[in-house]
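If you want the building blocks of each chain, they are given just below.
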Amino acid sequence: MTLKEQAFRGVKWTTMSSIMVAVVFFVQNIILARVLSHADYGLISLLLVIIGFANIFIDMGINNAIIYKQDINHSQLSSLYWLSIFSGTVFFIIVFIASPIIAAFYEKPEMQPYILYISSIFIISSIARQFRILLQKNLDFVTISKIEMIASVISFIFCLILIYLYRNIYAFIAAIILNNIIQSILFFIKGIKIHKPGFIYKHKEIKDLLAFGRFQLGERSLGYFISQLD
């Protein structure tokens, strides 16, 4: 398969995945809006803002740095992998500890337990974040799209079942956690064939990648903050 054919096939699958995920998310939101109270539905929006903002900082621009550097070696990838897991763990701890402060800021004390549960996705997603970007670097958008669609559909069905049984916000939280678990498992299974991280961390070898990532982090965090300020 030529590069042109591979790119065209990737665009086709990415478009299909984006449409399906968007439709599933839209339908799920309609159902949640009808079943949950206005207050609970508003809390979902706040939780999504927290997740999105934290994910930007967890990434630290590392993903774009991996794509940017063509001749990245095993030692560098391994160092970045463990750095990603460390970053995810740190943010999990920060958000976990800061949950009462975040809830107080929004004047929603009932929000604290939701934050505690949903913060677990920072660790879950960090386990396979690098494998996803390696598939992207190899232009394997077909695999990425299939994994995203599978996770989206299964978590959606799971959400519907929980909504029917319990009719509370925990159905949404559990669905997000399950989505991240499924994606992490599948990306790990596929990505480990491309790169198996060694127990290595050499900070000197990834300094230039981290420097590149800082600029990406600044741009993305500023853009996200402006778009979500309201």
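Residues numbered from 1 in each chain as written. Predicted model: local features only at pLDDT ≥ 70, side-chain atom pairs only at ≥ 80, totals over all residues. Heavy atoms only, no water.

1. As for the pattern of salt bridges
Considering all chains together, one arrives at 2 salt bridges under this definition. Among the salt bridges present, the one from Glu148 reaches Arg132, with a minimum N-O distance of 2.5 Å. In this pair, Glu148 sits in helix H8 (residues 141–166) while Arg132 sits in helix H7 (residues 129–137), placing the two residues 16 residues apart along the sequence. Taking relative accessible area as the criterion, Arg132 reaches 27% and is therefore assigned partly exposed. Lys202 serves as the salt-bridge partner of Glu205, at 4.0 Å between the closest nitrogen and oxygen. Given a relative accessible area of 43%, Lys202 falls into the partly exposed group. (Salt bridge = Lys/Arg side-chain N within 4 Å of Asp/Glu carboxyl O. Helix = DSSP H or I, 4+ residues; strand = E, 2+ residues; numbered from the N terminus. Buried < 20%, exposed > 50% of the residue type's maximum accessible area, 1.4 Å probe, protein only.)

2. Some points on the environment of Leu43
Within the secondary structure, Leu43 sits in helix H2 (residues 38–59). A relative accessible area of 1% means that Leu43 is categorised as buried. Placed 148 residues apart in sequence, Leu43 and Gly191 show a C-alpha to C-alpha distance of 35 Å. Every residue in contact with Leu43, bar those within four places of it in the chain, is listed here: Lys108, Glu110, Met111, Tyr114 and Ile169. (Contact = heavy atoms within 4.5 Å.)

3. Details of unusual backbone geometry
In this structure, Glu107 is a non-glycine residue whose phi angle is positive, near 60 degrees. Positionally, Glu107 belongs in the loop between helix H4 (74–105) and helix H5 (112–118).

4. A short note on the layout of surface pockets
Computed from the structure, the largest pocket encloses a volume of approximately 1,200 Å³. Every residue lining the largest pocket is counted, 33 residues in all, and those nearest its centre are Ile51, Asn55, Asn179, Asn180 and Gln183. Secondary-structure elements contributing two or more residues to the lining of the largest pocket are helix H1 (3–35), H2, helix H3 (62–68), helix H6 (121–126), H7, H8 and helix H9 (170–191). Split by residue class, the lining of the largest pocket holds 15 nonpolar, 13 polar and 5 charged. (1 Å grid on protein atoms, 1.4 Å probe; cavity = no way out; pocket = protein on both sides within 12 Å on 5 of 7 lines; lining within 4 Å. Points joined across faces, edges and corners; volume = space filled by probe spheres on them. Nonpolar A, V, L, I, M, F, W, Y, C, P; charged D, E, K, R; others polar.)

5. Let's talk about the confidence of the model for the chain
Mean pLDDT over the chain works out to 86, with 90% of the residues at or above the 70 mark. Taken element by element, the chain is modelled with least confidence in helix H10 (residues 207–228), mean pLDDT 70, and with most confidence in H9, mean pLDDT 94. (pLDDT = per-residue confidence, 0-100.)

6. Observations regarding the packing of H2 against H9
Look at H2 against H9: their axes get within 11 Å of each other, and the N-to-C directions meet at 25 degrees. Taken together, H2 and H9 sit at an angle that is classed as roughly parallel. Between H2 and H9 lies a crossing of right-handed hand. Residue-level contacts link Ile44, Leu47, Leu48 and Ile51 of H2 to Phe172, Ile173 and Ile176 of H9. (Axes fitted to C-alpha atoms, helices over the stretch in contact; angles between N-to-C directions. Parallel < 35°, antiparallel > 145°, perpendicular 65-115°, else oblique. Left-handed = near helix turned anticlockwise from the far one by under 90°.)

7. Some words on the nonpolar core
Grouped together as the largest cluster of nonpolar side chains are 32 residues, with contacts concentrated most on Leu32, Leu47, Met111, Ile115 and Ile173. Sorting the residues of this core by element identifies H2, H4, H5, H6, H8 and H9 as the ones contributing at least two each. The dominant element in this core, judged by the number of residues it contributes, is H2, at 8 residues. Among all residues touching Met111, those that are not within four sequence positions of it are Leu43, Leu46, Leu47, Ile50, Ala103 and Tyr106. Listed in part, the 12 residues of the second largest apolar core include Ile66, Ile72, Leu80 and Ile133. (Core = buried A, V, L, I, M, F, W, Y, C linked by side-chain atoms within 4.5 Å.)

8. Some remarks on the packing of aromatic side chains
Applying the stated criterion across every chain, the model contains 8 aromatic pairs. Here the aromatic rings of Tyr81 and Phe131 are separated by 5.5 Å at their centres, their planes lie at 45 degrees, and the arrangement is tilted. With Tyr81 in helix H4 and Phe131 in helix H7, this pair connects stretches of sequence that are 50 residues apart. Assigned by exposure class, Tyr81 and Phe131 land together as buried. Consider the rings of Phe92 and Phe96, whose centres lie 5.6 Å apart with planes at 45 degrees: the pair is tilted. On the criterion of helical spacing, the pair formed by Phe92 and Phe96 is a turn pair, its members being 4 residues apart in helix H4. The cationic tip of Lys146 hangs over the ring face of Trp13; the distance from NZ or CZ to the ring centre is 5.1 Å. (Phe/Tyr/Trp six-rings, centres within 6.5 Å; stacked < 30°, edge-to-face > 60°. Lys NZ or Arg CZ within 6 Å of the ring centre and 35° of its normal.)

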